Amino acid sequence: MPDKYIDLQSISDLHKLVKYAPPKHPLISVIDHADFYAKRPKENNAFYRFGFYTISCKKFEGLLKYGKGYYDFSEGSLLFTAPGQVLAPGPDVTVDEGWALFIHPDLIHGTDLGRKMHQYTFFNYEANEALHISEDEKLIIKDCITKIEKEYSQNIDKHSQGLIVSNIELLLNYCNRFYDRQFYTRAKVNSDVVQQFEKILKDYFSQDTLIETGLPNVKYFASQLNLSPNYLSDLLNKFTGKTTQEHIHLELVDKAKSLLWGTNNSISEIAYGLGFEHPSHFTKIFKSKTGKSPSEYRHLN
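Keep in mind it's a predicted model, so treat the numbers as computed, not measured.

Engineer: How should I be thinking about the overall build of the protein in this particular structure?
Structural biologist: Per the secondary structure count, the protein includes 13 helices and 9 strands. Counting across all 301 residues of the protein, residues that qualify as buried make up 46%. A fraction of 70% describes how many contacts in the protein between residues 6 or more apart in sequence connect residues 24 or more apart. For the protein, the exposed surface amounts to about 15,500 Å²; the carbon and sulfur share of it is 50%.

Below is the structure:
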């Protein structure tokens, strides 16, 4: 039997699924996880595809399928998903405690928060990169959720959207802080990841030519390390001050320098050998990192 996708594109659809009364606000809601997991359709192959941003605080027994893997959240943690992402709870999942905040993109469309949502990269982390919070942090997060819930439960007026969005932004900024803490409390593990990344990067560029394989992208290195692209870039940025893409470009430029110094190949031949389809793209990256075009650099050296 093929997998079934249950699309939930409105807060009203979500409330109907868990047999809640109509939502008090059409674009935002907090749902008790015990209700969601108890009342959802018990279909083994059901995948839930939400049209919302979700922030979930979970503590349950059983496995959650997210993407290609199953993850155990029995210790409790925060999981973030962006619109269009897919979740599939296993049929044996039972929830001990937890809640989920569902935010329809229309609520923040046109606001300052809407314009900078891409900066909260944890919405595109994998489930195994969830935020694990302390009891004190959990209280801070819950206080934000309570304020959001209280605000949207009142009669909606001209101030409602601004106050709700401000409290959502406060919540996300706390999550940013707690993720920063998590990166550093796992310093040993993350340091090992950085070293593994650097080895994979150098091994890739040690090939004589990249004509066949092409230039590597962020997704390639993330998959080699079993991480999401966003998480890998954020981790590297925290520990090295550079994103994955910046590391790739710097290694690329180092390889290009050795070819410019040590061979008589033309600029185009070097560009193709490094995996570029268009030499102009190679020249642009090289100049952005060195301040000189490849031909200028070769002439000076």
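Having seen the model, we can carry on.
Engineer: Teacher, can you tell me more about the side chain of E129 here?
Structural biologist: Within the secondary structure, E129 is located in the loop between helix 4 (112–115) and helix 5 (135–153). No salt bridge is formed by the buried E129, whose closest oppositely charged neighbour, R186, lies at an N-O distance of 9.0 Å. When sequence neighbours within four positions are dropped, the list of residues in contact with E129 reads Y179, Q182, N226, L227, S228 and Y231.

Engineer: Is there a simple way to explain the environment of P105 in this structure?
Structural biologist: With respect to the secondary-structure elements, P105 resides in helix 3 (residues 105–108). Overall, the relative accessible area of 25% leaves P105 in the partly exposed class. The spacing of P105 and L27 is 78 residues in sequence and 8.0 Å in space, taken between C-alpha atoms. Other than its neighbours up to four places away in sequence, P105 contacts G51, F52, Y53 and P83.

Engineer: Mind showing me how you'd approach helix 10 (residues 244–262) here?
Structural biologist: What sets the pattern is the α-helix's 3.6 residues per turn: residues three or four places apart point alike. Between its first and last C-alpha atoms helix 10 spans 27 Å; for 19 residues at 1.5 Å apiece the expected length is 27 Å, and the two agree. Of the residues making up helix 10, those classed as buried are T244, H247, I248, H249, E251, L252, V253, K255, A256 and L260. On its buried face, helix 10 sits against helix 7 (187–205), helix 8 (218–224), helix 9 (229–240), helix 11 (267–273), helix 12 (279–290) and helix 13 (294–300).

Engineer: Explain the nonpolar core here, please?
Structural biologist: Note that soluble globular proteins tend to have their nonpolar side chains buried in a common cluster. In this structure, L101 and F123 are the most contacted members of the largest nonpolar core, which totals 65 residues. At 9 residues, the largest contribution of residues to this core is made by helix 6 (residues 160–185). Apart from residues lying up to four places away in sequence, F123 is in contact with Y53, T54, I55, F80, T81, A82, Q85, M117 and L172. Within the second largest apolar cluster, 16 residues are counted, among which are I11, L14, Y48 and F50.

Engineer: Is there a simple way to think about the packing of helix 10 against helix 12 in this case?
Structural biologist: Packed helices, taken two at a time, are described by the angle between their axes plus the distance between the axes. Two elements in contact, helix 10 and helix 12, have axes separated by 10 Å at closest approach and are oriented at 100 degrees. Judged on the interaxial angle alone, helix 12 and helix 10 are roughly perpendicular. Residues E246, H249, L250, L252, V253, A256, K257 and L260 of helix 10 touch helix 12, and the partners they reach there are F282, I285, F286, K289 and T290. Taken together, the residues of the contact of helix 10 with helix 12 break down into 8 nonpolar, 2 polar and 3 charged.

Engineer: Help me understand the side chain of N167, please; the structure alone is not making it clear to me.
Structural biologist: Note on placement: N167 falls in helix 6. Given the relative accessible area of 16%, N167 is considered buried. Residues in contact with N167, not counting those within four places in the same chain, are K147 and I148.

Engineer: What is the right way to look at the pattern of salt bridges in this model?
Structural biologist: Side chains that carry opposite charge are capable of pairing whenever their charged atoms lie near each other. Counting across every chain of the model gives 10 salt bridges. In this structure, D112 engages R115 in a salt bridge whose closest nitrogen and oxygen atoms are separated by 2.7 Å. Residue D112 and its partner R115 are both found in helix 4; the two are separated by 3 residues, about one turn of the helix. One salt bridge in this structure joins D180 and K238, with 3.1 Å as the shortest N-O distance.

Engineer: What should I look at first to understand unusual backbone geometry in this one?
Structural biologist: Glycine aside, a negative phi is what most residues show, and trans is what most peptide bonds show. Non-glycine residue K19 carries a positive phi angle of around 60 degrees. Secondary-structure assignment places K19 in the loop between helix 1 (11–17) and strand 2 (28–32).

Engineer: Would you mind showing me how to read the state of the cysteines here?
Structural biologist: Simply put, disulfide is the name for a covalent bond between the sulfur atoms of two cysteines. Overall, the coordinates contain 0 disulfides when judged by the stated rule. Take C57: it sits in no disulfide, and the sulfur closest to it among the cysteines is that of C175, at 9.9 Å.

Engineer: For this particular structure, what's the right way to read the packing of aromatic side chains?
Structural biologist: Aromatic ring pairs are described here by two measures, namely the spacing of the ring centres and the angle between the planes. Summed over the entire model, instances satisfying the criterion amount to 27 aromatic pairs. Pairing Y174 with F178 gives two aromatic rings, centres 6.0 Å apart and planes at 25 degrees, and the pair type is stacked. Here Y174 pairs with F178, and both are found in helix 6, just 4 residues apart, close to one helical turn. What makes F178 buried here is its relative accessible area of 4%. Three or more aromatic residues link up through ring pairs in this structure, and these residues are Y53, F80, Y120, F122, F123, Y125, Y179, F183 and Y231.

Engineer: How should the pairing of strand 3 (residues 46–50) be read in this particular structure?
Structural biologist: Along a regular strand, successive side chains alternate from one face of the sheet to the other. Most of strand 3 sits inside the fold, with 4 of its 5 residues counted as buried. Where strand 1 (residues 4–8) and strand 3 come together, 5 bridges link them in parallel fashion. Of the residues in strand 3, the one forming a bridge with D7 is R49.

What counts and how
- Residues numbered from 1 in each chain as written.
- Predicted model: local features only at pLDDT ≥ 70, side-chain atom pairs only at ≥ 80, totals over all residues.
- Heavy atoms only, no water.
- Helix = DSSP H or I, 4+ residues; strand = E, 2+ residues; numbered from the N terminus.
- Buried < 20%, exposed > 50% of the residue type's maximum accessible area, 1.4 Å probe, protein only.
- Contact = heavy atoms within 4.5 Å.
- Areas by Shrake-Rupley, 256 points an atom, 1.4 Å probe, with all protein chains shown as cover.
- Lys, Arg positive; Asp, Glu negative; His and termini not counted.
- Salt bridge = Lys/Arg side-chain N within 4 Å of Asp/Glu carboxyl O.
- Expected span 1.5 Å × (residues − 1).
- Core = buried A, V, L, I, M, F, W, Y, C linked by side-chain atoms within 4.5 Å.
- Axes fitted to C-alpha atoms, helices over the stretch in contact; angles between N-to-C directions.
- Parallel < 35°, antiparallel > 145°, perpendicular 65-115°, else oblique.
- Nonpolar A, V, L, I, M, F, W, Y, C, P; charged D, E, K, R; others polar.
- Disulfide = S-S within 2.5 Å.
- Phe/Tyr/Trp six-rings, centres within 6.5 Å; stacked < 30°, edge-to-face > 60°.
- Pairing = 2+ DSSP bridges.

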